Amino acid sequence: MNDTMTFQTQEQYQFIETILFENLGYNPEVLDFQFFYGGNFNLAVKVKVKEGDFFIKWNHGDHDGMFESEAKSLKVLGDTHVMSIPKVVNYGKIVDKHYLMMEFLTAAFKQNNYWSDFGQKLAQLHLHTAPQFGLDYNNYIGALPQSNEWMDNGVSFWIEKRLKVQAGLALYERRITQQLYDRILAFCEQLPTLIPNEKPALIHGDLWSGNVMTDSSGLVALVDPACYYGLREAELAFTTMFGGFDTNFYEAYHEIYPIENGFGDRIPIYNLYPLMVHVNLFGGGYLDAVEKILKKFE
Ligand code: ADP
């Protein structure tokens, strides 16, 4: 370990001790301390103290509100009591760093029915509905803000608050051409005839395999939500984007909350949103996929 790393680690250690002091009310003895790398720009640790194991993540500077909205989203999902969601201890800011402290999920060996149980539970989550599409606070998808302003129509919500926002940002940041932007707008005109306008469904909002975990009883637990009442097919489509979901998951889901025929053809449509998010977060490598989907419908 070089000097810089030692210094950084020491500084981070003191930061974690401050968080523990502020939230537990005294300076606990840290029994174990383990760094996690995984997400975007956040740093994270598992801290073991007498009271239990905690997961603390943090970032520097200008992400005001990000952990507050994540804490709220974890509570929204947790309050449904459908599946394991880590309990939030607190969030806050110490000097220039924002943090979120929650229960650490200790994974047990996966049960045999892990995927079918997960499918059933996601269907049950999606059966939670609301009078409109949106949520009573805004949140983030990765590092990008996501507006949840209520709307009556789910397809319009997806167009106006999701796809067009990311396309507009990509144009503004010159990640896409005006021509591609216009093609996305023209595609939006067709959408009401292409995707079903179902009732609002409570969705996790960022359901890729990196946010799917196992709890202490060997069943599913979800982390890092960007939830809102939206189109459940958009969530299901996203689960196919990076793979990792077993067929038992989809079968069990379908038994509880059947999916309309032709869903396979709609998957690429819904995935335009996460693809545009990826264009904005990680660059143009995802543009070929966007072009390919648009071409199919032109
Ligand atoms: P980011 O917001 O930076 O994407 P995540 O919340 O996705 O960070 O966490 C990164 C990784 O840490 C996850 O993929 C998961 O493996 C692990 N993780 C997240 N929350 C917990 C938790 N409460 N308990 C145990 N591990 C967790």
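Use the structure listed above.
Given the structure is predicted, the values throughout are model-derived calculations rather than measurements.

Draft legend 1. Summary view of the pattern of salt bridges. Taken as a whole, this structure holds 13 salt bridges when the rule is applied. The closest approach of N and O atoms between Asp224 and Lys57, which form a salt bridge, is 3.5 Å. One end of the pair, Asp224, is in the loop between strand 10 (220–222) and strand 11 (228–230); the other, Lys57, is in strand 3 (residues 52–60), and 167 residues separate them in sequence. Residue Lys57 is classed as buried on the basis of its relative accessible area of 9%.

Draft legend 2. Quick look at unusual backbone geometry. Of note in this structure, His81 is not a glycine but carries a positive phi near 55°. Along the polypeptide, His81 turns up in the loop between helix 2 (66–78) and strand 4 (88–94).

Draft legend 3. Expanded view of the packing of aromatic side chains. Going through the model one piece at a time under the given rule, you end up with 21 aromatic pairs. Here Phe187 and Phe297 contribute two aromatic rings whose centre-to-centre distance is 5.3 Å and whose plane-to-plane angle is 55°, an arrangement assigned as tilted. One end of the pair, Phe187, is in helix 5 (residues 178–194); the other, Phe297, is in the segment after helix 10 (287–296), with 110 residues separating them in the sequence. Three or more aromatic residues joined by ring pairs make a cluster, and in this case those are Tyr114, Trp115, Phe118, Phe245, Phe249 and Tyr250. It is Lys97 that lies over the ring of Phe15; its NZ or CZ is 4.8 Å from the centre.

Rules behind the numbers
- Throughout, a residue's number is its position along its own chain's written sequence, starting from 1.
- Where totals are concerned, whole chains, interfaces and linings use all residues; where local detail is concerned, this predicted model gives features only for residues with pLDDT of at least 70, and gives and counts side-chain atom pairs only at 80 or more.
- With hydrogens and water stripped out, all remaining heavy atoms of the structure feed into the side-chain values.
- By definition, a salt bridge exists where a carboxyl oxygen of Asp or Glu is found within 4 Å of a side-chain nitrogen of Lys or Arg.
- Secondary structure elements are taken from DSSP: a helix is a run of H or I of four residues or more, a strand is a run of E of two residues or more, and numbering for both begins at the N terminus.
- Under the scheme applied here, a residue whose accessible area is under 20% of the maximum for its type counts as buried, over 50% as exposed, and between as partly exposed, the area being computed with a 1.4 Å probe on protein chains only.
- Stacked, edge-to-face and tilted are the three classes for Phe, Tyr and Trp ring pairs, Trp counted by its six-membered ring, which pair at centre distances within 6.5 Å; planes under 30 degrees apart are stacked, over 60 edge-to-face, the rest tilted.
- For a Lys NZ or an Arg CZ to count as sitting over a ring, it must be within 6 Å of the ring centre and within 35 degrees of the ring normal.

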